[in-house]
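Observations on the three-dimensional arrangement
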Amino acid sequence: MSFSAKSGALLSSRAARWWWRRRQPGPAWSYFGGSWSRPILDMSYSRHFLDFQGSSIPSSMKKLVVTKLSQNFREAVTLQQDAPVPLPGDGDLLVRNRFVGINASDINYSAGRYDASVKPPFDIGFEGVGDVVALGLSASADYTVGQAVAYVKAGSFAEYTVVPARHAVPLPSVKPEFLTLMVSGATAYISLKELGNLTEGKKVLVTAAAGGTGQFAVQLAKKAKCHVIGTCSSDEKGGFLKSIGCDRTINYKTENVESVLRKDYPEGVDVVYESVGGKMFDLALNSLAIKGRLIVIGFIAGYQNPTGLEPIKAELLPAKLLKKSASVRGFFLNHYLSEYTMALKHLLEMYERGDLVCEVDFGDMSPEGKFTGLESVFRAVDYMYMGKNIGKIVVELPHSVNSKL
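As a starting point, this report considers the structure included with it. Within each chain, residues carry numbers counting from 1 in the order of the written sequence. This being a predicted model, a pLDDT of at least 70 is required before a residue's local features are given, and a value of 80 or more before pairs of side-chain atoms are given or counted; all residues contribute to the totals for chains, interfaces and linings. Hydrogens and waters are ignored; side-chain quantities use all the structure's heavy atoms.

**A short note on the overall build of the protein**
Of regular secondary structure, the protein possesses twelve helices and 18 strands. Counting only residues that meet the buried cut, the protein has 53% of its 405 residues in that class. The contact criterion used is simple: two residues touch if any of their non-hydrogen atoms lie within 4.5 Å. Once local pairs closer than 6 in sequence are excluded, the contacts in the protein between residues at least 24 apart make up 67%. In short, Shrake-Rupley with a 1.4 Å probe defines the accessible areas, and a residue's cover is counted only from the protein chains shown. Of the accessible surface of the protein, which amounts to about 18,600 Å², a share of 53% is contributed by carbon and sulfur atoms. Helix and strand assignments come from DSSP, with helices taken as H or I runs of at least 4 residues and strands as E runs of at least 2, each series counted from the N terminus. Partly exposed describes any residue whose relative accessible area lies between the buried limit of under 20% and the exposed limit of over 50%, with all areas from a 1.4 Å probe on protein chains only and scaled to the type maximum.

Here is the structure:
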């Protein structure tokens, strides 16, 4: 191993000297209580981080990068084959992604709708689950190499992502089901808790109910002893919704949603968990009961448009709300981060107890098969916008055969 001037400076620190001494020949010790392994102070890197013998971290990787602002994901995003593997700082983890989640808002991000000041190129992807393969010295106080973690951070559509340790969530194992909770589950949990005011016997309408976040809105409303109505686009999705507790499913391809709601719920619904927008928003608004609440968590029907919007009958909104003393509330997860840790802890506990279904859709039934590898993220986004998924769409990233983890 060669040493530079910067490397010598690093060795002057007390912590670095301690790790250097531990690195010298002596009694074998292990992170995992079994096979030989040791922390390595790799001075060939520009930043100080701990590695694990045999983790086979390459120098380059694949990742997706937004190279042009567009709501057309395929036009906006480019697959880079030889991007440098990022280096973790003192308080960071280097995570090798094993599963990444697809969200409807991925195309809002690629269109630059969240922050107009950010210009291409920039990384994309909101959430991932994987293994810690390297970490900074401070981060090693709470994490170890080989640990399973989940995270929410821009840049997950990559083979490796640097994640601040304070933003990571330790997991008992690497499972795609955990990924469903990070954005989709947390959105449903916090929005219904903070804005839904759910109580026993209330009627709750969930649009796109069989989707990544809709599945959790259905289950959480049912656990609050509400009567749950879910809209979906197929009988197969309807069957899934019934299996997770939905009292009334409405297949909008074969039934008229407005007629069903008017006939079966003449007094209206108390809460709407709305993610579709456009005509579905208008219909849901018209279906509100006295003092009803409509929670907007998205409007996917418009995301592929240049403006990102689907027209609604906004000119009638004030009169309709006044007539029923009703309300429309928007929910954006970033504005409720103070509630995130608590929500995720509760969701993880529910899943571990078997009280929560976390349905994952790997695209096995799609024409080209399972979503595997970053190349398939493009297909997965298309699959979502065709309305084919049941549950959360997840892409699996191949596990390197050279890795010892």
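**Section: the environment of Glu258**
Among the structural elements, Glu258 can be located in helix H8 (residues 257–264). What makes Glu258 partly exposed here is its relative accessible area of 36%. Residues Glu258 and Leu283, spaced 25 residues apart in sequence, show a C-alpha to C-alpha distance of 6.4 Å.

**Observations regarding unusual backbone geometry**
Here Pro120 and Pro121 are connected by a cis peptide whose omega angle stands at 0°. The topology assignment puts Pro121 in the loop between helix H4 (106–110) and strand S6 (122–123). Residue Ala208 is not a glycine yet carries a positive backbone phi of 50°. Take Ala208: it is sitting in the loop between strand S11 (203–206) and helix H6 (214–223). The class of Ala208 is partly exposed, set by a relative accessible area of 33%.

**Let's talk about the sheet that holds strand S12 (residues 227–232)**
One bridge is not enough; two strands pair if DSSP finds at least two bridges between them. Taken together, the six strands give an open sheet; going across it, the order is S13-S12-S11-S14-S15-S16, and neighbouring strands pair in parallel fashion. The open sheet has two free edges, formed respectively by strand S13 (248–251) and strand S16 (327–330), since each of these has just one partner strand. The sheet shows a mean angle of 15° between the axes of neighbouring strands, taken without regard to direction. In the sheet, S11 pairs with strand S14 (residues 269–274) via three bridges, with the strands oriented parallel. By the bridge assignment, Val204 is partnered in S14 with Val271. Comment: axis = line fitted to C-alpha atoms, over the contacting stretch for helices; angle = value between 0 and 180 degrees taken between N-to-C directions. Against the sheet, helix H5 (residues 176–196) touches S14, strand S15 (288–296) and S16, its axis set at about 145° to S15. On the sheet, helix H10 (residues 317–324) packs against S15 and S16 and is oriented at approximately 130° with respect to S15.

**Description of the sheet that holds strand S3 (residues 60–66)**
Spatially, three strands are ordered S4-S3-S6 in an open sheet, and the strand pairing comes out antiparallel. With partners counted over all chains shown, the strands left at the sheet margins are strand S4 (77–84) and S6, one partner each.

**A few points about the packing of aromatic side chains**
Only Phe, Tyr and Trp rings are paired, with Trp represented by its six-membered ring, and only when their centres lie within 6.5 Å; those with planes under 30 degrees apart are stacked, over 60 edge-to-face, the remainder tilted. Counted under the stated rule, the structure contains ten aromatic pairs. One aromatic cluster is present, built from ring pairs that chain together Tyr109, Tyr114, Phe122, Phe126 and Phe332. Geometrically, a lysine NZ or arginine CZ counts as sitting over a ring once it is within 6 Å of the ring centre and also within 35 degrees of the ring normal. Sitting above the plane of the Phe362 ring, Lys370 keeps its charged end 4.8 Å from the centroid.

**Thoughts on the pairing of S15**
The element S15 is extensively covered by neighbouring structure, given that seven of its nine residues are classed as buried. As paired strands, S14 and S15 are joined by five bridges and run parallel to one another. When the bridges of S15 are listed, Glu274 appears paired with Val296. Taken together, S14, helix H9 (residues 279–286) and S15 form a β-α-β motif whose crossover is right-handed. Sheet topology places S15 next to S16; four bridges connect them, and they run parallel. Bridge assignment links Arg293 to a residue of S16, and that residue is Ser327. Look down the strands so they point away from you; if the path from the first strand over the helix to the second goes clockwise, the crossover is right-handed.

**A short note on the pattern of salt bridges**
Here, a salt bridge means any side-chain nitrogen of Lys or Arg that lies within 4 Å of a carboxyl oxygen of Asp or Glu. Summed over all chains, the structure comprises 19 salt bridges. Taking the shortest distance from any N to any O, the salt bridge between Asp382 and Arg74 comes out at 2.8 Å. Remark: Arg74 occurs in helix H3 (residues 73–76) and Asp382 occurs in helix H12 (residues 377–385); sequence separation between them is 308 residues. Lys203 is the partner of Asp270 in a salt bridge, and the nearest nitrogen-oxygen pair spans 4.0 Å. Pair noted here: Asp270 is in strand S14 and Lys203 is in strand S11, with a separation of 67 residues, a long-range link. In the salt-bridge network here, residues are joined through shared partners; they are Arg248, Glu255, Lys263 and Asp264.

**Quick notes on the packing of H5 against helix H11 (residues 340–353)**
Running from N to C, H5 and H11 cross one another at 120°; their axes reach a closest spacing of 9 Å. With respect to H11, the axis of H5 lies oblique. You can see that H5 and H11 cross each other, and the crossing is right-handed. Across the interface between the two elements, Glu177, Phe178, Leu181, Met182, Gly185, Ala186, Tyr189, Ile190 and Lys193 from H5 touch Tyr340, Met342, Ala343, Leu344, His346, Leu347, Leu348, Tyr351 and Glu352 from H11. Oblique is the label for any angle not under 35 degrees, not over 145, and not in the 65 to 115 range, which are roughly parallel, roughly antiparallel and roughly perpendicular in turn. Left-handed is the label given to a crossing in which the near helix is rotated counterclockwise from the far helix by less than a right angle, and right-handed is the label when the rotation is clockwise.

**Looking at the side chain of Thr231**
Among the structural elements, Thr231 can be located in strand S12. The exposure class assigned to Thr231 is buried, which follows from its relative accessible area of 0%. Discounting residues that sit within four places of it in the chain, Thr231 has contacts with Leu205, Val206, Thr207, Ala208, Ala209, Ala210, Leu241, Ile250, Val257 and Met280.

**Notes on H9**
Within H9, six of the eight residues are buried, which leaves it mostly tucked inside the rest of the structure. Of all the residues in H9, the buried ones are Met280, Phe281, Asp282, Leu283, Ala284 and Leu285.

**Section: the nonpolar core**
Grouping buried Ala, Val, Leu, Ile, Met, Phe, Trp, Tyr and Cys residues that are joined through side-chain atoms within 4.5 Å yields what is termed a nonpolar core. Leu171, Leu181, Val206, Val218, Leu241 and Phe331 are the most contacted members of the largest nonpolar core, which totals 53 residues. Not counting residues up to four positions away in its chain, the partners in contact with Val206 are Gly214, Ala217, Val218, Val228, Ile229, Gly230, Thr231 and Tyr273. Of all hydrophobic cores here, the second largest spans 25 residues; its members include Ile102, Phe371, Phe378 and Ile393.

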